[in-house]
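# Remarks on the overall topology
Below, each chain spelled out in residue letters.
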Amino acid sequence: MPETFKHTFDTPVFKGDVAVPLGLYIDGKWVDGANKTTIDVINPTNGKTFTKISEGTPKDVDIAVAAAQKAFETVWGLNTTGNDRSRLMHKLADLMEVNEDKLAALEALDNGKTFVWAKRADIAHSITCLRYYAGWADKILGQVIETSEAKLTYTRHEPVGVVGQIIPWNFPLQMMAWKIGPALATGCAIVMKPSEFTPLTALFMTELIHEAGFPPGVFNLVNGYGSVVGQAIAEHPHIEKVAFTGSTLVGRKIMEAASKSNLKKVTLELGGKSPTIVFDDADVDQAVKWAAFGIYFNHGQCCCAGSRIFVHEKIYDEFLQRFTEHTKTLKVGDPFDPENFQGPQISQLQYDRIMGYIDSGKEQGATLHHGGNRVGNEGFFITPTIFTDTKPNMKIVQEEIFGPVCVVIKFKDDDDIVAQANDSIYGLAAAVFSQNITRALSTAHKLKAGTVWVNTYNMLYPNVPFGGYKQSGIGRELGEYALSNYTATKAVQVNLHIKM
Ligand code: NAD
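Residue positions are counted from 1 within each chain, in the order its sequence is given. Given that the model is predicted, a residue must reach a pLDDT of at least 70 before its local features are reported, and side-chain atom pairs must reach 80 or more before they are shown or counted; all residues, however, enter totals for whole chains, interfaces and linings. Hydrogens and waters are ignored; side-chain quantities use all the structure's heavy atoms.

### Let's talk about helix α14 (residues 437-446)
For α14, every residue scored as buried is listed here: R439, A440, T443 and A444. Relative to the axis of α14, the buried residues are bounded by an arc of 130 degrees and lie together on one face. Facing away from the buried side of α14 by over 90 degrees, the exposed positions are I437, T438 and H445. Should any heavy atoms of two residues lie within 4.5 Å, those residues are considered in contact. Helix and strand definitions here come from DSSP, where helices need a minimum of 4 consecutive H or I residues and strands a minimum of 2 consecutive E residues; each element is numbered from the N-terminal end. On its buried face, α14 sits against β14 (275-278), α13 (414-421), β20 (429-433) and β21 (451-454). Exposed residues in this analysis have more than 50% of their type's maximum accessible area, buried residues have under 20%, and partly exposed residues fall in between, with area computed by a 1.4 Å probe over protein chains only. In this description, the arc belongs to the directions extending from the helix axis to the C-beta atoms.

This is how it looks when you write it as structure tokens:
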């Protein structure tokens, strides 16, 4: 039997006990991985191992897929009503509400995001997302299509079957909610792999899924390393669709595995190098605060982070001065201290990568305007960092850093700025700050990005689609758009009275 992680939180923001099963969840039961091996889970605040999860194997993926197939064909999929699925999903959302503090505390411990923001953003958004998709479960509608008076022709949007879902460490619970929401609503059965860096909230959620009463096999969770369990999911012949969020590098591997196996459907939500454009007619105070939120939220570990900030030359000096002052007010430290805005980066690997980018910025001749340092003696904390005097081909301008590091760049005119902003292999998000609605919207329409925020940043709603242009991904998550990822359209033609 797998072990349970038991922990008593005694922090300024949360006091209480949590218990999290550490195994794999297959066919409604907690089990150990086939090889009985484990993976260390590290607290990014101090760099120390605090628990171990069971490690899954390709054999466990096979067993999970078989359980999901059985559930899909007997008690789920077309054998349930939308109403029943909706009720279960609302029950799960109810349980999340009851446990919101525990979920936020686990996210802070495991990922390092602050408890306050985890509760306000990750947990709240995840609950809303599940309720949103619970509302869709009984509204998956086909069409009646007029062909001839002698025929009845209609479409059905049928669930695709067993789906694989591979999620990252930056928003562990939210990415789980974005993925299971549309899958459960449409009646798909799930095999999920959380990130090996941040498995705890997914494991706790799995216990809530069990408690909510979903039939065994509908949701299965297999922990493990990406190159082993993730790869086994991507290439499995009986998984009909795979949804992935993570790096562009791994996104390519998922597509390759899908194409070499059964041509499963693929949706990819990948990296970004998103531009924030501040025109000279912007409300500078607001632009400063939103731009800072755009890059520093979640310690810069956002696929849509606004890491390239372009500012019109007329207001550049004023913006930079106020942006720097604002950046200095953002406190970095213990995720359980409510005064802190930023916690540690996720891992030693990410810490080293980010510091490597900071070194490369300096080596390539950019000015390190602010930050660039380690904070404290343990854990993976980095000061919010600003570079200026950059050139377009520098690594810090072109590559996704995935940390609290931005470049602030001066621009001259409206035509040039669109070309500069679009000069990226990515196209996930962008932001425009201007009080001239025509200027703001004509710029927004020219930007190659899946989301464009005008006079705001990082606002996400479950009913608004999210996804990327170019190498930022394939397909859209959230909103009604996400449902089509999980359904296959069948056309049925009924002959009423045409004789052969
Ligand atoms: P990653 O892409 O390696 O991992 C994301 C998920 O994919 C994890 O669950 C991982 O176990 C799994 N995975 C890894 N290799 C796999 C494979 N061969 N087949 C199937 N699944 C596999 O991301 P990372 O290593 O955690 O972070 C590296 C970089 O990725 C970051 O610096 C950042 O640039 C980017 N990233 C982007 C996002 C995003 O939201 N777009 C999220 C996390 C990381």
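That covers the picture; the talk isn't over yet.
### Brief notes about the site of the ligand
By convention in this text, a residue qualifies as near a molecule or strand provided that one of its non-hydrogen atoms is within 4 Å of it. Taken together, 28 residues lie near the ligand, and W169, E196, S247, R353 and E400 sit nearest. Two N or O atoms count as a polar contact when they lie within 3.5 Å, although within protein this holds only if one can serve as hydrogen donor and the other as acceptor, and sequence-adjacent residues are included solely when both atoms are side-chain atoms. In the environment of the ligand, a nitrogen atom lies 3.5 Å from a nitrogen or oxygen atom belonging to the backbone of Q231. For the area figures, the Shrake-Rupley method with a 1.4 Å probe applies, and any residue is considered shielded solely by the protein chains shown. Coverage of the ligand by the protein amounts to 90% of the 810 Å² it exposes when considered alone. Of all the secondary structure elements, the ones that give two or more residues to the shell around the ligand are α7 (226-234), β12 (241-245), α8 (248-260) and α11 (348-363). Tallying contributions element by element places α7 first for the shell around the ligand, with four residues. For the shell around the ligand, the per-class residue count stands at eleven nonpolar, eleven polar and six charged. Looking at the shell around the ligand, you find at least three residues from each of domain 1 (4-270 + 474-489) and domain 2 (275-461). Side-chain classes are defined by residue name, with Ala, Val, Leu, Ile, Met, Phe, Trp, Tyr, Cys and Pro counting as nonpolar, Asp, Glu, Lys and Arg as charged, and the others, Gly among them, as polar. Those domain boundaries reflect an automatic or database domain assignment.

### A closer look at the domain arrangement of the chain
Partitioning the chain into domains gives domain 1 (4-270 + 474-489) and domain 2 (275-461). Here domain 1 and domain 2 have C-alpha centroids that lie 30 Å from each other. With 33 residues of domain 1 at the contact, the number on the domain 2 side is 29 residues. Take the accessible area each of two parts loses on contact, using a 1.4 Å probe, and add the two losses: that sum is the buried area. Here domain 1 and domain 2 share an interface that buries about 2400 Å² over both sides, 70% of which is from carbon and sulfur atoms. Among the residues domain 1 hides against domain 2, the three largest losses belong to T45, W117 and W169. Together they make up 22% of the total. Salt bridges are identified by distance alone: a Lys or Arg side-chain nitrogen within 4 Å of an Asp or Glu carboxyl oxygen. Inspection of the domain 1/domain 2 interface yields zero salt bridges. Of all the secondary-structure elements, those providing two or more residues to the side of domain 1 that touches domain 2 are α3 (100-111) and α4 (115-136). Taken together, the residues that form the side of domain 1 that touches domain 2 break down as 17 nonpolar, eleven polar and five charged.

### Digging into the sheet that holds β14
One bridge is not enough; two strands pair if DSSP finds at least two bridges between them. The strand order across the open sheet formed by seven strands is β16-β17-β18-β15-β14-β20-β21, and the pairing between neighbours is mixed. If you trace the sheet from one side to the other, it starts and ends with β16 (367-370) and β21, each paired once. Strand-to-strand twist in this sheet, taken as the mean axis angle between neighbours without regard to direction, amounts to 25 degrees. In this sheet, strand β18 (residues 405-411) lies alongside strand β15 (residues 308-312) in parallel orientation, the contact comprising five bridges. Along β18, the bridge assignment pairs V311 with K410. Only the stretch in contact is used when a helix axis is fitted, and all axes are lines through C-alpha atoms; the angle between N-to-C directions ranges over 0 to 180 degrees. Relative to β15, α13 is tilted by about 175 degrees, and along the sheet it contacts β14, β15 and β18.

### Describing the packing of α3 against α4
Between two packed helices, both the angle of their axes relative to each other and the distance between the axes serve to describe the pair. Viewed as axis vectors pointing N to C, α3 and α4 meet at an angle of 120 degrees, and their least axial separation amounts to 8 Å. Considered as vectors, α3 and α4 are oriented oblique to each other. The hand of the α3/α4 crossing is right-handed. Residues E100, D101, L103, A104, A105, E107 and A108 of α3 touch α4, and the partners they reach there are F115, A118, K119, D122 and I123. Taken together, the residues of the contact of α3 with α4 sort by class into seven nonpolar, no polar and five charged. Angles below 35 degrees are treated as roughly parallel, those above 145 as roughly antiparallel, those between 65 and 115 as roughly perpendicular, and all remaining angles as oblique. Crossing handedness follows the turn of the near helix against the far one: under a right angle anticlockwise gives a left-handed crossing, and clockwise gives a right-handed one.

### Comments concerning the pattern of salt bridges
As enumerated under the stated definition, the model contains 23 salt bridges in all. Close ionic contact of D40 with K52 constitutes a salt bridge, the shortest N to O distance being 2.8 Å. One end of the pair, D40, is in strand β5 (residues 38-43); the other, K52, is in strand β6 (residues 48-54), and twelve residues separate them in sequence. Classification of D40 by relative accessible area gives partly exposed; the value is 37%. In this structure, R156 engages E158 in a salt bridge whose closest nitrogen and oxygen atoms are separated by 2.7 Å. A residue is classified by how much of its surface remains accessible, and R156, at 34% relative accessible area, is partly exposed. One network of salt bridges, in which partners are shared, links D280, D281, K314, D414 and R439.

### Topic: the side chain of N298
Along the chain, the position of N298 falls in the loop between α9 (284-296) and β15. With near-sequence residues (within four places) excluded, N298 lies in contact with K113, N170 and F171.

### Description of unusual backbone geometry
Even without being a glycine, K36 presents a positive backbone phi close to 60 degrees. If you trace the backbone, K36 turns up in the loop between β4 (29-31) and β5. Given the relative accessible area of 62%, K36 is considered exposed.

### Focus on the environment of N262
Structurally, N262 can be placed in the loop between α8 and β13 (265-269). Take N262: its relative accessible area is 26%, and that puts it in the partly exposed class. Taking C-alpha positions, N262 is 7.6 Å from H236, a pair spaced 26 residues apart along the chain. What N262 contacts, discounting residues up to four positions off in sequence, is H236, P237, H238 and I239. There is a polar contact of 3.0 Å between the side chain of N262 and the backbone oxygen of P237. Within the structure, the side chain of N262 is placed 2.9 Å from the side chain of K264, a separation counted as a polar contact.

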